[in-house]
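# Inside the fold
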Amino acid sequence: MIRKIAVFIALGSLVLTAMAQDKPKVERVSPTPTSAADGKAMFKQYCAPCHGMDAKGNGPAAPALKAAPADLTQLSARNGGKFPENKVFGSIKGEVGLAAHGSKEMPIWGDVFRSMSRSEGETQLRITNLTNYVRSLQAK
Ligand code: HEC
């Protein structure tokens with residue numbers, strides 16, 4: 001019997017479909033628009049499927065990926081206690097090379113956000129608010 005898990009991941013996402021004992025398969029569908037002002041809502045919609053709502057890297061789509069999604073709560077801890085703002089912004093936008101971000105598996109969020117935003121300013125605002133939300137998740 002086929003059990004379908006539909007997880008709307010970002011980017012539109014990715015829809016996860018899984019055969020009972022199989023690895024989930026991730027497919028991309030169109031992105032669900034969110035408010036550019038709401039970092040948490042964007043995180044839930046676009047990031048949590050892989051990184052998990054707690055950002056520790058255990059989202060429902062994680063088993064389908066070749067690379068493990070990063071634990072986004074440890075970014076400051078792994079950077080000498082300072083939140084690596086520019087690197088996070090660049091990773092989301094797609095300017096900083098990452099194996100998964102920007103590969104076939106991982107969309108370049110700058111392009112995705114541009115496709116749903118009315119202006120370049122709105123695209124930047126989305127990435128800024130997501131970066132600030134990730135900052136708020138840092139382990140103390
Ligand atoms: C399809 C799965 C997937 C989605 C969706 C996803 N990511 Fe990632 N992300 C990954 C993977 C896998 C890595 C690890 C890649 C690597 O280190 O090469 C990663 C790495 C990162 C990094 C770099 C962490 C570091 O150690 O420097 C950041 C920042 C990040 N993701 C933020 C986000 C944000 C914000 C979103 C939502 C807009 C998001 N990701 C959505 C899979 C995903």
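Refer to the structure printed above.
Residues numbered from 1 in each chain as written. Predicted model: local features only at pLDDT ≥ 70, side-chain atom pairs only at ≥ 80, totals over all residues. Heavy atoms only, no water.

### A few points about the nonpolar core
- Counting residues in each nonpolar core, the largest one holds 21 residues, and the members touching the most others are Phe43, Tyr46, Ile92, Phe113, Leu130 and Val134.
- At the level of secondary structure, the elements contributing two or more residues to this core comprise α1 (39-51), α2 (85-93), α3 (109-116) and α4 (120-136).
- By residue number, the principal contributor to this core is α1, which donates five residues.
- Ignoring any residue separated from it by four or fewer positions in sequence, one finds valine 134 in contact with Phe43, Leu72, Leu75, Phe83 and Val88. (Core = buried A, V, L, I, M, F, W, Y, C linked by side-chain atoms within 4.5 Å. Buried < 20%, exposed > 50% of the residue type's maximum accessible area, 1.4 Å probe, protein only. Helix = DSSP H or I, 4+ residues; strand = E, 2+ residues; numbered from the N terminus. Contact = heavy atoms within 4.5 Å.)

### Concerning the pattern of salt bridges
- Evaluated as defined, the whole model comprises five salt bridges.
- Glutamate 85 serves as the salt-bridge partner of arginine 135, at 3.1 Å between the closest nitrogen and oxygen. Of the two residues, arginine 135 sits in helix α4 while glutamate 85 sits in helix α2, which places them 50 residues apart along the sequence.
- Overall, the relative accessible area of 36% leaves arginine 135 in the partly exposed class.
- Here glutamate 85 falls in the partly exposed class, since its relative accessible area comes to 38%.
- One salt bridge in this structure joins arginine 118 and glutamate 122, with 3.3 Å as the shortest N-O distance.
- Among the residues examined, glutamate 122 registers a relative accessible area of 12% and is labelled buried.
- In this structure, a network of salt bridges that share partners links the residues Asp111, Arg114 and Glu120. (Salt bridge = Lys/Arg side-chain N within 4 Å of Asp/Glu carboxyl O.)

### What about the packing of aromatic side chains?
- In total, this model carries four aromatic pairs according to the counting rule given.
- On the numbers, 5.8 Å between centres and 45° between planes, the contact of tyrosine 46 with tryptophan 109 is tilted. Here tryptophan 109 lies in helix α3 and tyrosine 46 lies in helix α1, a separation of 63 residues in the sequence. Accessibility assignment for this pair places tyrosine 46 and tryptophan 109 in one class, buried.
- Aromatic side chains tryptophan 109 and phenylalanine 113 sit 5.7 Å apart centroid to centroid with 35° between the ring planes, which places their arrangement in the tilted category. Of the two residues, tryptophan 109 and phenylalanine 113 both sit in helix α3, four residues apart, roughly one turn of that helix.
- Feature note: the residues Tyr46, Trp109 and Phe113 constitute an aromatic cluster, connected by ring pairs. (Phe/Tyr/Trp six-rings, centres within 6.5 Å; stacked < 30°, edge-to-face > 60°.)

### Considerations on α3
- Buried within α3 are the following residues: Trp109, Gly110, Val112, Phe113 and Met116. Along the axis of α3, the buried positions cluster into a sector of 165°, meaning they face one direction only.
- Against the buried residues of α3 lie α1, α2 and α4. (Arc of directions from axis to C-beta.)

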